[in-house]
Amino acid sequence: MSITFSSFSSNHGEIKCFTIQNKFGDSITITNVGATITHFKIQKSKNELIDIVLGFDRADNYFQNTDTYFGATVGRSANRLNNASFSLNNQFFQLNRNDGENNLHSGPNGYQIRLWKNLPYDTDQNTITLNLYSPDGDQGYPGNLNISVTFELTDNRELIITYKGKSDKDTVFNLTNHSYFNLNGHDSGTIENHELQLFAENFTPIIDSHSIPSGEIRPVKNTPFDFNFPKTIGQDIKITNSQLLYANGYDHNFVISNPSFETPFAIVKGDKSGIQLEAFTNLPGVQFYTGNFIINQHGKENSIYDQRTGFCLETQYFPNALNLENFESPLIKANEECITKTIFRISI
Ligand code: GAL
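Structural notes, computed from the coordinates. All values reported here derive from a predicted model rather than from experimental measurement.

Let's talk about the overall build of the protein chain
Right, so step 1: Within the protein chain, the regular secondary structure consists of two helices and 29 strands.
Right, so step 2: Over its C-alpha atoms the protein chain spans a radius of gyration of 19 Å, differing by no more than 12% from the 20 Å that the globule rule assigns to 348 residues.
Right, so step 3: In terms of principal-axis extent, the alpha carbons of the protein chain reach across some 55 × 45 × 40 Å.
Right, so step 4: Counting all 348 residues of the protein chain, 59% fall into the buried class.

See below:
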């Protein structure tokens, strides 16, 4: 177990990178720009190290990470809010519209392009914690919110991400990580042949191509959304289905059947690498997104990423839950700490 550190100055401030390595030789690299995962390298065999997340080489790119959100911490309200507004305690809040009429991932000046502060650490540690203070009124949200995100890489090949939030007013706390995985390697093309098992009996259909859930909870049975038995991501992606057409592929919130740290909600296998990823969370939903909007994006090591070259499992409260009473509320009470957690476990 070790942490190595590098830093350089920029006109945005000091850019820091922390790399945690486990006993297998796997490592994750986190930058303070957006509390972002830039690399997740898996020691597949003695001579083979595979980086399974999409990303950039340059810090500048992370300060402009407002379209794809590669590897970023997203909040305080991940995903979409209808009409960029909500009401809380009889007060109406109008946020910025950065996705048509709606709000996506909390709007402009998101957490993913800010410089987070790190807690002190020892070099033999396997965790790094980054903090962000988000003041009352930040992006239109109520409450001075103190956030910490801890990234841990264990000797069981688990990446554990723990989110903590506490505010002086009732507010929203719905943070996620927006890593795009390609288990064959970040620069190895389509993820459509990866095999996916997603333990979700239901999903939350969207109204139209603006991708706002209607509030309906719909069974996946006999639809392309049924991944309860393993199938490749691409098997049904081109089937004529209005939900798939609206989103140009999968970009939907699934209702996790059994949120838990004991049983995974998803198991994904890289067809070429044999690397397997299991995901666990205590959150009720996951946005399964197949990178439908990645177009000719210049990434790490001179790679070009295109549509469906990465997939995301964004654990979350359901999108637009602030406006839909039947969706579990992403609100936290004033002065109460909220903790959520997501685990990605690797095996080969
Ligand atoms: C996802 C969202 C997609 C897309 C993506 C960023 O969370 O569901 O529709 O906006 O972020 O490109």
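Thoughts on unusual backbone geometry
Right, so step 1: Residue Arg76 is bonded to the preceding Gly75 through a cis peptide linkage, with omega at 0 degrees.
Right, so step 2: Mapped onto the elements of the fold, Arg76 is located in the loop between β6 (73–74) and β7 (80–81).
Right, so step 3: Positive phi, normally seen in glycine, also occurs at Glu301, with a value near 50 degrees.
Right, so step 4: In this structure, Glu301 sits in the loop between β25 (297–298) and β26 (304–305).
Right, so step 5: In this structure, Asn320 takes a positive phi of about 65 degrees despite not being glycine.
Right, so step 6: In this structure, Asn320 sits in the loop between β27 (312–316) and β28 (331–332).

Some words on the nonpolar core
Right, so step 1: One finds Phe40, Phe151, Leu198, Phe288 and Phe311 to be the most contacted residues of the largest nonpolar core, which totals 57 residues.
Right, so step 2: Residue contributions to this core peak at five residues, all from strand β13 (residues 145–153).
Right, so step 3: Beyond its immediate stretch of four places on either side in the chain, Phe40 contacts Ser27, Ile28, Ile50, Asp51, Ile52, Val53, Leu153, Leu159, Phe181 and Ile346.
Right, so step 4: Core analysis: the second largest hydrophobic core is formed by 13 residues, Val33, Phe56, Phe63 and Tyr180 among them.

Looking at the site of the ligand
Right, so step 1: Contacts to the ligand come from 14 residues, most closely from Asp67, Arg80, His178, Asp251 and Glu314.
Right, so step 2: Between the ligand and the protein, one listed contact pairs an oxygen atom with a side-chain N or O atom of His178 at 2.8 Å.
Right, so step 3: In isolation the ligand exposes 310 Å². Once the protein is present, 96% of that is buried.

Examining the sheet that holds strand β12 (residues 127–134)
Right, so step 1: The strand order across the open sheet formed by nine strands is β11-β12-β13-β14-β29-β23-β22-β17-β20, and the pairing between neighbours is antiparallel. One side of each edge strand has no neighbouring strand; the edge strands of this open sheet are β11 (117–118) and β20 (231–232).

Some thoughts on the pairing of strand β5 (residues 48–51)
Right, so step 1: The sheet contact formed by strand β4 (residues 36–45) and β5 spans four bridges and is antiparallel. Bridge pairing in β5 places Lys41 opposite Asp51.
Right, so step 2: The antiparallel hairpin formed by β4 and β5 contains two residues in its connecting segment.

Considerations on the packing of aromatic side chains
Right, so step 1: Tallying each qualifying case throughout the model produces 22 aromatic pairs.
Right, so step 2: Plain terms: the ring middles of Tyr111 and Trp116 are 6.4 Å apart, the flat faces sit at 85 degrees to each other, and that makes the pair edge-to-face.
Right, so step 3: The class for Trp116 is buried, based on a relative accessible area of 3%.
Right, so step 4: Between the aromatic rings of Phe225 and Phe254, the centroid separation amounts to 6.0 Å while the plane-to-plane angle is 40 degrees, which identifies the pairing as tilted. A residue pair is termed long-range when its members are at least 10 positions apart, and Phe225 in the loop between β19 (218–219) and β20 and Phe254 in strand β21 (residues 251–255) qualify at 29 residues. Neither residue differs from the other here; Phe225 and Phe254 are each classed as buried.
Right, so step 5: Each residue in the set Phe56, Tyr62, Phe70, Tyr180, Tyr289, Phe293 and Tyr305 is aromatic and connected to the rest through ring pairs, giving one cluster.
Right, so step 6: Between the NZ or CZ atom of Lys341 and the centre of the ring of Phe261, over which it lies, the distance is 5.6 Å.

Parameters at a glance
Residues numbered from 1 in each chain as written. Predicted model: local features only at pLDDT ≥ 70, side-chain atom pairs only at ≥ 80, totals over all residues. Heavy atoms only, no water. Helix = DSSP H or I, 4+ residues; strand = E, 2+ residues; numbered from the N terminus. Rg over C-alpha atoms; globule rule 2.2 N^0.38 Å. Buried < 20%, exposed > 50% of the residue type's maximum accessible area, 1.4 Å probe, protein only. Core = buried A, V, L, I, M, F, W, Y, C linked by side-chain atoms within 4.5 Å. Contact = heavy atoms within 4.5 Å. Near = heavy atom within 4 Å. Polar contact = N/O pair within 3.5 Å; in protein donor to acceptor, adjacent residues only side chain to side chain. Areas by Shrake-Rupley, 256 points an atom, 1.4 Å probe, with all protein chains shown as cover. Pairing = 2+ DSSP bridges. Phe/Tyr/Trp six-rings, centres within 6.5 Å; stacked < 30°, edge-to-face > 60°. Lys NZ or Arg CZ within 6 Å of the ring centre and 35° of its normal.

Scope: geometric values only; no functional claims are made or implied.
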